[in-house]
Amino acid sequence: MTTKTTPANSALIALPAARHITTAGAAITLIGTFLAWTWTAEFPGDLTVTGYPGGLQVLTLVGTVLTLLFALSGYGIKGLHWLTPGGANSPVRLAALGVLGTTAFTIGAIAVKLGGVVNLEPGAWVSLLGAIIATVAALGLPSDQELDDTTRPTPLNRFINCLRAPAPTRAKELPNWAEILIIAGAFGVALHVFTYGIDTEYAELFIGYIISVAFGFSALTRAGLIARITRLTTKHRNVTLAAALIAAFCFPFTQQNEQYALIGANILIFATVALGLNVVVGLAGLLDLGYVAFLGVGAYAAALVSGSPLSPVGVQFPFWAAVLTGAAASLIFGVVIGAPTLRLRGDYLAIVTLGFGEIFRLTVNALNGVSGPDLTNGSQGIPSIPDLNLFGFDFGISHNIAGFTLGRSANYYLLMLAFTAVVVLVFRRSGESRIGRAWVAIREDETAATAMGINAFRLKLLAFALGATLAGLAGTVQAHVSYTVTPEQYQFAGSVPPNSAFLLAAVILGGMGTLSGPLVGAALLYLIPAKLQFMQDYQLFLFGIALILLMRFRPEGLVADRRKQLEFHETGQLDVPPDTPLTDQAAGTTKAGA
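Residues numbered from 1 in each chain as written. Predicted model: local features only at pLDDT ≥ 70, side-chain atom pairs only at ≥ 80, totals over all residues. Heavy atoms only, no water.

A. Quick peek at the overall build of the chain. Secondary structure summary: the chain contains 22 helices and four strands in total. For the chain, the residues scored as buried account for 47% of the 594 residues in total. Taking the intrachain contacts of the chain between residues at least 6 apart in sequence as the baseline, contacts between residues at least 24 apart amount to 75%. (Helix = DSSP H or I, 4+ residues; strand = E, 2+ residues; numbered from the N terminus. Buried < 20%, exposed > 50% of the residue type's maximum accessible area, 1.4 Å probe, protein only. Contact = heavy atoms within 4.5 Å.)

Here's what the structure looks like:
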C-alpha cells in the first residue's frame, strides 16, 4: 500500500492571496495597538492612552512587527531575505499565533479584572480582529516542507507539519569582526529581553511576556536565525563566553529596584548550583536526588565561621577563608558520601542520594542543643549573618559607580557572577579534558568504559566531589545573600527553589551535558515562580505537567548538543550506509591491492 505524500506547497487552509491577507491583518493589529484598549486605569499598564502603547500593548506591537517582517520577507523584498534562511512561512504562522495569544489573553484579563467585555475600548477589538485575520491567513500559506511518507495526512499532523521548517542554508562567510559584532548584538538583545521579563511589575504582563517570548523564539528558530547565531557562537567560543559575561555584568546597572536585582542574584546562585549538578548528572550520568544538601553544607559551614552572633562556633573568618571552608566541607561530604555509594548504579544510587539529602536536613534540624550538640540552632537556623566587607568594599550598602547606584542585591549579584564565571570555566575545562571524555564514556556505557581500561569508580567519585565543591562555593554566597540559613531551605522538593527536584529539572530542561543549558533552565525555573506568586499553591502540579510536556516534545532539553538531538529524534540518517556497488575502476583497484 502506497502512502500519499503531501506536496511541500500544500497549505493547511486553501486561501487565495494568503500572504496579502496576512500582511493586511498584521497591519490592522498594529493600528489597534495605538488605540485605547480600555477606558479605566484600574487595569495595570495604562491601556487608556491613544497613540502611545503601554503594558501588554507593547508585547502585541513587537509580535506584530515581527510577523510583518517575516511576511514581507516572503515577498522577496531586497534587504529582508536574510530574515528567513530556513523556513519562509512557518515563522509567519508562529509569530501570528503569538500575537493572537497575547492579544486574546490581554482581552480576557481585562474582562476578568474589570468585570466584563463592556470595559473594552475599540482598540482591543481592532487588534483582536487583525490578529485573527493574520493567523487564519497565515495557515493558508504553503508548508515549508513535505509531510513525511510514513505520517498519515490527518489535520493534526498537517498542522504540526506546517509549523516545521527545513534547516537553513549555509550563510556566506563574513569577516571575523562582523561575526563578532553579530554575536555582541545578539547578546545585547537577549539582555534586553531578559531584563524586560524581570522588570515586569504585575502577573498579567509577565504571562503575556512568556507567551510572546515562547512564540517569538520559536518563529526565529523556524526562520533559521537561531541556527545561524549558534554556528557563529560555536565558531567563536571564547568571544561568546566573554559576551555572555559582559551582558550579565551589565544587568545590575539596568535595575533601579532592589527586589529585581535580588531575583537576578538568586538566579545566578540557582544556575551555578545547577551547573555543578550538571557535572554529576549531565557528564558522568549519576542520578543525584540529594544534591541540594551540598549547597546546604557550604552555606552552613560559611555561616558558622562568618561572625554571626548566634553561631555556636563564635569565630569570624575573612571571606576567602569562609569560601574555602564551605567548599572544603562540601568536598569532604561529597567524598564521604560518594565513596561507599558510587558502586551502585541507576535507581539504587538515586535512592541513596535522596536519603542523604533528607538525612542532612534532619541532622541540622536536630543539632539544637536538645536532640544533639548545639551546632546549628536546629530549626531556627543561623540568622543575622553579617554582610561582607571585601577589600574595604561593603556589600551591605549602596555604592555609586560611574553614575549608577548599586544596592546590596546588585553588589552580591556581581560577586556571584564572579563565582559563576569560575564554575563555568571549571565545567568547560573539565568537560573538554580526558577526564570529561571518560565521564561521557561512563555515562553512555559504564561496562564498556570499564572494559576499555577506565577506572569508573575513581572517575565517578571525582565527578561527585567536584559537583559537591561547586555547590559549596555557591552556598557560601547564598548564606550572606539570604542573611540566614535554615534546614527548610534544603528540601528535596518544595515551592521555593533551590531544591533537589528543581535543580535536577533545571539540568533536564536546559539540556544535560551542555554549558548554557542548565543556566537557561535555572533562570526559567526561578523567574517564573518568582513572578507568578498567585499560582504558588499549584506550582508543583504545573511543574509536573511542564516536565511531562518537555519529555514528550523536547526530551533533549531547550539547549541540546548534537549527540542528544541524534539520540532523541529521527534524522533520516542510517547508522550503516547503504551498500554501493563498486565501479570497474574501484574493483580493479581492490584487486590490485589484494
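Additional details are given in the paragraphs that follow.
B. Layout of unusual backbone geometry. Despite not being glycine, Ser384 shows a phi value in the positive range, around 55°. For Ser384, the position within the fold is in the loop between α13 (346–366) and β1 (389–390). Phi at Tyr483 takes a positive value of approximately 70°, unusual for a residue other than glycine. Residue placement: Tyr483 occurs in the loop between α17 (456–481) and α18 (500–510). We classify Tyr483 as partly exposed; its relative accessible area is 38%.

C. Structural view of helix α11 (residues 292–304). End to end, α11 covers 18 Å across 13 residues, agreeing with the expected 18 Å (1.5 Å per residue, within 8%). Counting buried residues in α11 gives 13 out of 13 residues, a clear majority hidden from the surface. (Expected span 1.5 Å × (residues − 1).)

D. The arrangement of the environment of Leu417 in detail. On the secondary structure map, Leu417 appears in helix α14 (residues 408–431). Take Leu417: its relative accessible area is 9%, and that puts it in the buried class. Remark: the alpha-carbon pair of Leu417 and Pro487, spanning 70 residues in sequence, is separated by 26 Å. Residue contacts for Leu417: discarding those within four places in its chain leaves Leu245, Ala248, Phe249 and Leu268.

E. Fine view of empty space enclosed by the protein. With the rule as written, the count across this model stands at two cavities of 30 Å³ or more. In this structure, the second largest cavity encloses a volume near 40 Å³. Ala26, Thr29, Thr64, Thr67, Ala96, Val99, Ala131 and Ala134 are the residues that line the second largest cavity. Of all the elements in the fold, those that place two or more residues in the lining of the second largest cavity are α1 (18–33), α2 (56–73), α3 (90–114) and α4 (122–139). (1 Å grid on protein atoms, 1.4 Å probe; cavity = no way out; pocket = protein on both sides within 12 Å on 5 of 7 lines; lining within 4 Å. Points joined across faces, edges and corners; volume = space filled by probe spheres on them.)

F. Quick peek at the packing of α11 against α13. The contact between α11 and α13 brings their axes to 9 Å, and the two run at 30°. Comparing the axis directions of α11 and α13 gives the class roughly parallel. Listed contacts from α13 to Ala293, Phe294, Gly296, Val297 and Tyr300 of α11 are Phe356, Gly357, Phe360 and Val364. Considering only residue class, the contact of α11 with α13 consists of seven nonpolar, two polar and no charged. (Axes fitted to C-alpha atoms, helices over the stretch in contact; angles between N-to-C directions. Parallel < 35°, antiparallel > 145°, perpendicular 65-115°, else oblique. Nonpolar A, V, L, I, M, F, W, Y, C, P; charged D, E, K, R; others polar.)

Purely geometric stuff here, so don't read any function into it on its own.
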